[in-house]
Amino acid sequence: MTGPARRLPGLPHPRPPRPRPPRLPRLPRTGLRTTLALAFAAIAALVAVLIGALGYHAAARLIRDDETADFGAAVDSVGRQVQREALFPGDFAGPSGLSADLVRPIRVTTQSLDPDGAVLPGTARLDLPPSPSDQELAHADQPGRTSIGLRHQRDEGYRVGVVSLGGRRGAVQIIQQVGPTEELLATLRTRTVALVAVVTVLAGGAGRLLARRITGRLVRLTDAAELVASSGRLDVPVPAAGTDEVGRLGRAFDRMLVRLATARENQRRLAQDAGHELRTPLTSLRTNLSVLPSLDRLPPAERTALMADLAEEARELTQLVEELVALAADSRADEQPTEVVLADLVREAAAQARRRSGREVLVDADGTVVTARPDALARAVGNLLDNAAKFDPAGTGPIEVVVRGPRVEVRDRGPGIDAADLDRVFDRFYRATAARSLPGSGLGLAIVDEVARSHGGTAFAGNRDGGGAVIGFTLDG
């Protein structure tokens, strides 16, 4: 049998694995429409609650203050009257207990107290027993003594004012029921809450409609973006109506799709053209490499020619790959535009062309300063100079470079450009019939055109009077 595993001395006890905390369920994401509708409803509810609360408190305070003022006026009126003339408890035995000559008609009633503080028969209108303080005022000698306070009897609230009649003749209770006022305020409170609820619901519905109107184009734009992301299609119709931010976003997205489609098409064409152009030098290089095993059996002259061919093919293949990389790579993100003096850049490129070709290069440049990517411009000017040297190998005249403003021209005295080829000299891998026997890949002028267009300019080509070609480019001045 196998016993339990023993822990080696000096080793720590293995820690038990920690239990993973339970994963909380993800809540469904709310859409922009729902968010806006809820926001509208919340704002409307907040405004309605504030207005309702302020309105209710103002109305309640006004009603209570008005009731209190009326009650105080009745008590004061009775107090002044009993001070002017001697009254008895039976004087308050009318239908309401108050006569028009005592107080103005208000929602109050009275009960008369005899000298012992008991309610006088025939004047009892409310089941509200007198308090000890009421009995004291009923037995008072001084008329017009007053006591006011709130009392509760059987869940009912009363505002009570007691005025002594003096001479120990008794007192009169002036009573106002608080219940009707509070019922009125409760009804007002209920209606205010109902109004706030109705306003909130209506605001939610209006917010939903308004959010649908506001976000309709944005939702369609989102659907288009998701379709592009899921399918990879770039021909998806994009809603771009309107002049607001959503319309601007739609137009920007549409332009981005057009540029992406153009870039994809250029990439496809470049891959096809590159595959076609690479096939010829690779086939030639493979053929020459197949002869290498029998190199020792070849005559010295053929051996030397074979090695020279291999070196030339490797050089052309290297140049082709470098130009393909330069044309396919987007170096604009790596090189920031700076202020460039065209004359200095062109003179440096001319010096390099003299060293490579041994040709005479004349520079006629003004002091134009442009904002551009200097490495890209240097490559474009270098390609123009190499092209001029290649098509005028005999050196019938110097190569001339003329800079006037944001325009750069390279002039040679070669055979010129055939009229049928003028419109295609800047196409990728295009080589005129007269140039097919010359070295090159057909990408040099395509790079010039790419650099010019990336700087907001154009490339141009034409023939000179007296023979030769004029090829150059302009920049966005």
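Whatever comes next refers back to the structure up there.
Residues numbered from 1 in each chain as written. Predicted model: local features only at pLDDT ≥ 70, side-chain atom pairs only at ≥ 80, totals over all residues. Heavy atoms only, no water.

### A word on the pairing of strand E8 (residues 399–404)
Turning to step 1, where the next piece is worked out: When strand E6 (residues 361–365) meets E8, the two strands line up parallel, connected through five bridges. Note that in E8 the partner of Val363 across the bridge is Val401.
Turning to step 2, where the next piece is worked out: In this sheet, strand E9 (residues 407–411) lies alongside E8 in antiparallel orientation, the contact comprising five bridges. Across the sheet, the residue bridging to Arg404 is Arg407, located in E9.
Turning to step 3, where the next piece is worked out: Between E8 and E9, which follow one another and run antiparallel, lie two residues, and Gly405 among them has a positive phi close to 65 degrees. (Pairing = 2+ DSSP bridges. Helix = DSSP H or I, 4+ residues; strand = E, 2+ residues; numbered from the N terminus.)

### Notes on the nonpolar core
Generally speaking, a soluble globular protein has its nonpolar side chains buried in company with each other.
Turning to step 1, where the next piece is worked out: By size, the foremost hydrophobic cluster in this structure holds 38 residues, and its most contacted members are Leu377, Val381, Leu385 and Phe473.
Turning to step 2, where the next piece is worked out: Sorting the residues of this core by element identifies helix H6 (342–357), E6, strand E7 (369–372), helix H7 (374–391), E8, E9, helix H8 (444–454) and strand E11 (469–474) as the ones contributing at least two each.
Turning to step 3, where the next piece is worked out: In terms of residue count, H7 provides more of this core than any other element does, eight residues in total.
Turning to step 4, where the next piece is worked out: With residues near it in sequence (within four places) discarded, Phe473 still touches Leu377, Ala380, Val381, Leu384, Pro406, Arg407, Val408, Val448, Ala452, Thr458, Ala459 and Phe460. (Core = buried A, V, L, I, M, F, W, Y, C linked by side-chain atoms within 4.5 Å. Buried < 20%, exposed > 50% of the residue type's maximum accessible area, 1.4 Å probe, protein only. Contact = heavy atoms within 4.5 Å.)

### Observations concerning the packing of aromatic side chains
Turning to step 1, where the next piece is worked out: Within the structure shown, the criterion is met by zero aromatic pairs.
Turning to step 2, where the next piece is worked out: Of note, Arg407 hangs over the ring of Phe460, and the distance from its end group to the ring centre comes to 3.9 Å. (Phe/Tyr/Trp six-rings, centres within 6.5 Å; stacked < 30°, edge-to-face > 60°. Lys NZ or Arg CZ within 6 Å of the ring centre and 35° of its normal.)

### A look at the sheet that holds E9
Turning to step 1, where the next piece is worked out: In space, the five strands of this open sheet follow the order E6-E8-E9-E11-E10, with mixed pairing throughout. Across the chains shown, the open sheet's two edge strands, defined by having one partner strand only, are E6 and strand E10 (459–463). Shown here is a sheet whose adjacent strand axes are inclined to one another by a mean of 15 degrees, direction ignored.
Turning to step 2, where the next piece is worked out: Sheet contacts for H6: E6, E8 and E9; angle to E6, the most-contacted strand, approximately 180 degrees.
Turning to step 3, where the next piece is worked out: In this fold H8 packs onto E10 and E11, with an angle of close to 30 degrees to the strand it touches most, E11. (Axes fitted to C-alpha atoms, helices over the stretch in contact; angles between N-to-C directions.)

### Considerations on the environment of Arg33
Turning to step 1, where the next piece is worked out: As for its placement among the helices and strands, Arg33 is situated in helix H1 (residues 32–84).
Turning to step 2, where the next piece is worked out: Here Arg33 falls in the partly exposed class, since its relative accessible area comes to 24%.
Turning to step 3, where the next piece is worked out: The spacing of Arg33 and Arg208 is 175 residues in sequence and 6.6 Å in space, taken between C-alpha atoms.
Turning to step 4, where the next piece is worked out: Discounting chain neighbours no more than four positions away, the residues touching Arg33 are Arg208, Ala211, Arg212, Thr215, Gly216 and Val219.

### Looking at the environment of Glu409
Turning to step 1, where the next piece is worked out: Considering the arrangement of structural elements, one finds Glu409 in strand E9.
Turning to step 2, where the next piece is worked out: For Glu409, a relative accessible area of 12% translates into the label buried.
Turning to step 3, where the next piece is worked out: Measuring from C-alpha to C-alpha, the distance between Glu409 and Phe473 comes to 6.8 Å, with 64 residues separating the pair along the chain.
Turning to step 4, where the next piece is worked out: Non-local contacts of Glu409, meaning those with residues more than four positions away in its chain, are made with Glu400, Val401, Val402, Phe460, Val470, Ile471 and Gly472.
Turning to step 5, where the next piece is worked out: Engagement of the side chain of Glu409 in a polar contact is seen with the side chain of Arg407, the distance being 2.7 Å. (Polar contact = N/O pair within 3.5 Å; in protein donor to acceptor, adjacent residues only side chain to side chain.)

### Some words on H7
Turning to step 1, where the next piece is worked out: With 18 residues, H7 ought to run about 26 Å at 1.5 Å a step, and its terminal C-alpha atoms sit 26 Å apart, in line with that.
Turning to step 2, where the next piece is worked out: For H7, the set of buried residues is Ala376, Leu377, Ala380, Val381, Gly382, Asn383, Leu384, Leu385, Asn387, Ala388 and Ala389. (Expected span 1.5 Å × (residues − 1).)

### Some remarks on the sheet that holds strand E1 (residues 109–113)
Turning to step 1, where the next piece is worked out: Sheet architecture is open: four strands sit in the order E1-E4-E3-E2, paired in antiparallel fashion. Looking at which strands have only one partner, the edges of the open sheet turn out to be E1 and strand E2 (146–153). The average undirected angle you get between the axes of adjacent strands in this sheet is 25 degrees.
Turning to step 2, where the next piece is worked out: In this structure, strand E3 (residues 156–164) lies alongside strand E4 (residues 171–177), joined through seven bridges in antiparallel fashion. Bridge pairing links Gly161 to Ile174 in E4.
Turning to step 3, where the next piece is worked out: Sheet contacts for H1: E2, E3 and E4; angle to E3, the most-contacted strand, approximately 20 degrees.

### Some details on the pattern of salt bridges
Turning to step 1, where the next piece is worked out: Applying the stated rule across the entire model yields 10 salt bridges.
Turning to step 2, where the next piece is worked out: A salt bridge links Glu182 to Arg64; the shortest N-O distance between them is 3.1 Å. Of the two residues, Glu182 is situated in helix H3 (residues 179–231) and Arg64 in helix H1; the sequence distance between them amounts to 118 residues.
Turning to step 3, where the next piece is worked out: The class of Glu182 is partly exposed, set by a relative accessible area of 31%.
Turning to step 4, where the next piece is worked out: Of the charged contacts in the structure, one is a salt bridge between Arg411 and Glu409, with a shortest N-O distance of 2.9 Å.
Turning to step 5, where the next piece is worked out: Judged by relative accessible area, Arg411 falls into the partly exposed class, the value being 25%.
Turning to step 6, where the next piece is worked out: Through salt bridges that share partners, Arg407, Glu409 and Arg411 make up one connected network. (Salt bridge = Lys/Arg side-chain N within 4 Å of Asp/Glu carboxyl O.)

### Focus on the side chain of Ser164
Turning to step 1, where the next piece is worked out: By secondary structure assignment, the location of Ser164 is in strand E3.
Turning to step 2, where the next piece is worked out: Overall, the relative accessible area of 0% leaves Ser164 in the buried class.
Turning to step 3, where the next piece is worked out: Once you skip the residues sitting within four places of it in the chain, Ser164 turns out to touch Val82, Leu137, Ala140, Gln142, Pro143, Gly144, Arg145, Gly170 and Ala171.

### Considering unusual backbone geometry
Turning to step 1, where the next piece is worked out: At Arg168, a position not held by glycine, the phi torsion is positive, near 55 degrees.
Turning to step 2, where the next piece is worked out: Within the secondary structure, Arg168 is located in the loop between E3 and E4.
Turning to step 3, where the next piece is worked out: The exposure class of Arg168 is partly exposed, given its relative accessible area of 45%.

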